[in-house]
Amino acid sequence: VLSVVLFHSFPSFLPGGFVGVDIFFVISGFLITSHIFDGLKKGTFSLSDFFGRRIRRIFPSLIIVMFFVLVFGWFVLLSDEYRQLGKHIASGVVFVLNFVLAFEVGYFDVAAESKPMLHLWSLAIEEQFYILWPIILWISSKKRLNFLFVILVLFFLSFFLNLYLTSSNPMEAFFWPMTRFWEILSGSFLAWFFCEKKEGETPSPLVRESFFAFFGIILLVVSLFLIDKEVPFPSYWALLPVLGTSLVILGSERAWANRFFL
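Residues numbered from 1 in each chain as written. Predicted model: local features only at pLDDT ≥ 70, side-chain atom pairs only at ≥ 80, totals over all residues. Heavy atoms only, no water.

*Asks:* Mind showing me how you'd approach the pattern of salt bridges here?
*Replies:* Note that side chains of opposite charge can pair when their charged atoms are close. Within the structure shown, the criterion is met by 10 salt bridges. The partner of K42 in a salt bridge is D38, and the shortest N-O contact between them spans 3.3 Å. Of this pair, K42 and D38 both sit in helix α2 (residues 20-42), 4 residues apart, which is roughly one turn of that helix. Look at K42 and you get exposed, because its relative accessible area is 60%. Given a relative accessible area of 36%, D38 falls into the partly exposed group. E126 serves as the salt-bridge partner of R54, at 3.5 Å between the closest nitrogen and oxygen. With a gap of 72 residues between them, R54 in helix α3 (residues 47-76) and E126 in helix α6 (residues 120-142) connect regions that are remote in the sequence. E126 matches R54 in its accessibility class, with the two residues each being buried. (Salt bridge = Lys/Arg side-chain N within 4 Å of Asp/Glu carboxyl O. Helix = DSSP H or I, 4+ residues; strand = E, 2+ residues; numbered from the N terminus. Buried < 20%, exposed > 50% of the residue type's maximum accessible area, 1.4 Å probe, protein only.)

*Asks:* I would appreciate a short explanation of the packing of α3 against helix α4 (residues 79-93) in the present structure.
*Replies:* For any two helices packed against each other, one specifies the crossing angle of their axes together with the interaxial distance. Contact geometry for α3 and α4: axes closest at 11 Å, N-to-C directions at 175°. Between α3 and α4, the angle is such that the two are roughly antiparallel. For the pair formed by α3 and α4, the contact residues are F59, L62, M66, V69, L70, G73 and W74 on the first element and Y82, L85, I89, G92 and V93 on the second. For the contact of α3 with α4, the class distribution of residues is 10 nonpolar, 2 polar and no charged. (Axes fitted to C-alpha atoms, helices over the stretch in contact; angles between N-to-C directions. Parallel < 35°, antiparallel > 145°, perpendicular 65-115°, else oblique. Contact = heavy atoms within 4.5 Å. Nonpolar A, V, L, I, M, F, W, Y, C, P; charged D, E, K, R; others polar.)

*Asks:* Mind showing me how you'd approach helix α1 (residues 2-9) here?
*Replies:* The α-helix winds at 3.6 residues per turn, so residues separated by three or four positions along the chain end up facing the same way. Among all positions in α1, only S3, V4 and F7 are buried. Down the axis of α1, the buried side of the element spans an arc of 100°, and every buried residue falls inside it. Residues of α1 that are buried in the fold lie against α2 and α10 (206-226). (Arc of directions from axis to C-beta.)

*Asks:* Even after reading the chapter, I still don't get unusual backbone geometry, so can you show me in this structure?
*Replies:* Trans is the prevailing form of peptide bonds, just as negative phi is the prevailing case for residues other than glycine. Of note, the bond from F233 into P234 is cis; its omega dihedral lies within 30 degrees of zero at 10°. With respect to the helices, strands and loops of the structure, P234 is situated in the loop between α10 and α11 (239-250). The backbone of F95 shows a phi angle near 60°, a positive value even though the residue is not glycine. Looking at the secondary structure, you find F95 in the loop between α4 and α5 (97-102).

*Asks:* What exactly am I supposed to notice about the confidence of the model for the chain here?
*Replies:* The predicted coordinates should not be examined in detail at positions where pLDDT is low. When pLDDT is averaged along the chain, the result is 92; 94% of the residues meet or exceed 70. Confidence, expressed as mean pLDDT per element, reaches its minimum in the chain at helix α12 (residues 256-261) with 88 and its maximum at α11 with 97. (pLDDT = per-residue confidence, 0-100.)

*Asks:* So what exactly am I meant to see when it comes to the packing of aromatic side chains here?
*Replies:* Each aromatic ring pair is specified by the distance between its two centres and by the angle formed by the two planes. The full count for this structure, using the stated rule, is 29 aromatic pairs. Between F67 and F68, the ring centres sit 5.2 Å apart and the planes meet at 80°, which makes this aromatic pair edge-to-face. On the basis of relative accessibility, which here comes to 49%, the residue F67 falls in the partly exposed class. With relative accessibility at 54%, the residue F68 sits in the exposed group. (Phe/Tyr/Trp six-rings, centres within 6.5 Å; stacked < 30°, edge-to-face > 60°.)

*Asks:* So what exactly am I meant to see when it comes to the nonpolar core here?
*Replies:* If you look at soluble globular proteins, the nonpolar side chains tend to sit buried side by side. Counting 59 residues, the largest nonpolar core has I36, F37, M117 and W133 as its most contacted members. In terms of residues, this core owes the most to one element, α6, which gives 9 residues. Residues contacting W133, with those up to four places away along its chain left out, are T33, I36, V150, I151, L154, L185 and S188. The next biggest cluster of nonpolar side chains, apart from the first, holds 7 residues, and it includes A213, I217, V248 and A255. (Core = buried A, V, L, I, M, F, W, Y, C linked by side-chain atoms within 4.5 Å.)

*Asks:* I keep staring at the side chain of N258 and nothing clicks. Help me out?
*Replies:* As for its position among the elements, N258 is in helix α12. For N258, a relative accessible area of 15% translates into the label buried. One polar contact links the side chain of N258 to the main-chain carbonyl oxygen of V248, over a distance of 2.9 Å. Here N258 is in contact with A213, V248, G251 and S252, once residues within four sequence places are set aside. (Polar contact = N/O pair within 3.5 Å; in protein donor to acceptor, adjacent residues only side chain to side chain.)

*Asks:* Would you explain the environment of T245 in this entry?
*Replies:* Considering the arrangement of structural elements, one finds T245 in helix α11. Sequence spacing of T245 and F215 is 30 residues, and the spatial spacing of their C-alpha atoms is 9.9 Å. The residues contacting T245, other than those within four sequence positions of it, are I23, V26, I27 and L220. From its side chain, T245 meets the backbone oxygen of P241 in a polar contact 2.7 Å long.

*Asks:* I would appreciate a short explanation of α4 in the present structure.
*Replies:* Along its 15 residues, α4 runs 21 Å from first to last C-alpha, staying within 8% of the 21 Å computed at 1.5 Å per residue. Residues of α4 that are buried in the fold lie against α3, α5 and α6. A positive backbone phi angle near 60° is found at F95, which sits one or two residues after α4. (Expected span 1.5 Å × (residues − 1).)

In C-alpha cells:
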C-alpha cells in the first residue's frame, strides 16, 4: 500500500511503486485460497457464505468512498470529468471498471490524474477472479480433480496470454483480468503447497526459510526501483514482485526477516 501511495505522490522517488498491486494480488490469492481449501477440507465450504463475506467486507467502505468522491468531484472536476466519474463509479460498483479503463487512456497517462476512482481497476480484477475461482475449486473438489493441475493449467494460460498481449495490446494486458490471474494464482499455488504439508511434518530448516524470505525482500526492493512506467508491464517484469512475494510467504513466520523486519 505504501509503495503505491509513494509512487503516485513522488513517482521519481519510487518509480516501480505501482508493483504494490502485484504484491497484493499474490497475498490475496494465498490468503483467500487458503480459506477455501480449509473449508473444502473440513466439508464446511459454502459458496453463498463465501460471496456473502466478500460483500460484507467490501461494500461498506466502497460505498462510503464513492459517496464522498462524488461530493468532492462536484466542486473540483469539470463537467466532462464529472460525467466520466459517474461512469467509473457505476462500473466500479459492478466490478468492471478495468474493462472501461482499458479503452480509455493508460494508467500512467496524465489524464489519469482526473480519475479519482482509477484505483478500483485492481479491485475489479480481484473480484472477477473470486467470482470464478471458488466455483472452479468447488467443482474440482466434487469431481475429485487434482487442485495442483487446475492451478498450473490456469496459471500458464494466463501468463502466456499476458506475454502475448503486452507486446500486441499493452492497454488490455495491463487492465484485463485474464492477463493478471496468474499473479493471484501464484498465491493460490502457495496455498495448495501449505495445505498439502502433512500435519506433524518436520518443519523446513530455519536457514532455508530465512534465505527464502531475505531473497524475496531483495527482489521486492529491486522491483520498486528497477521497474518503471517505461518498461512493458506486466510481461516478464511482473515476475520480479510476484516471485519476491512468493518467497517471502514461503519463508513463513519462522524466517528471521519476516519475524523481525516485516
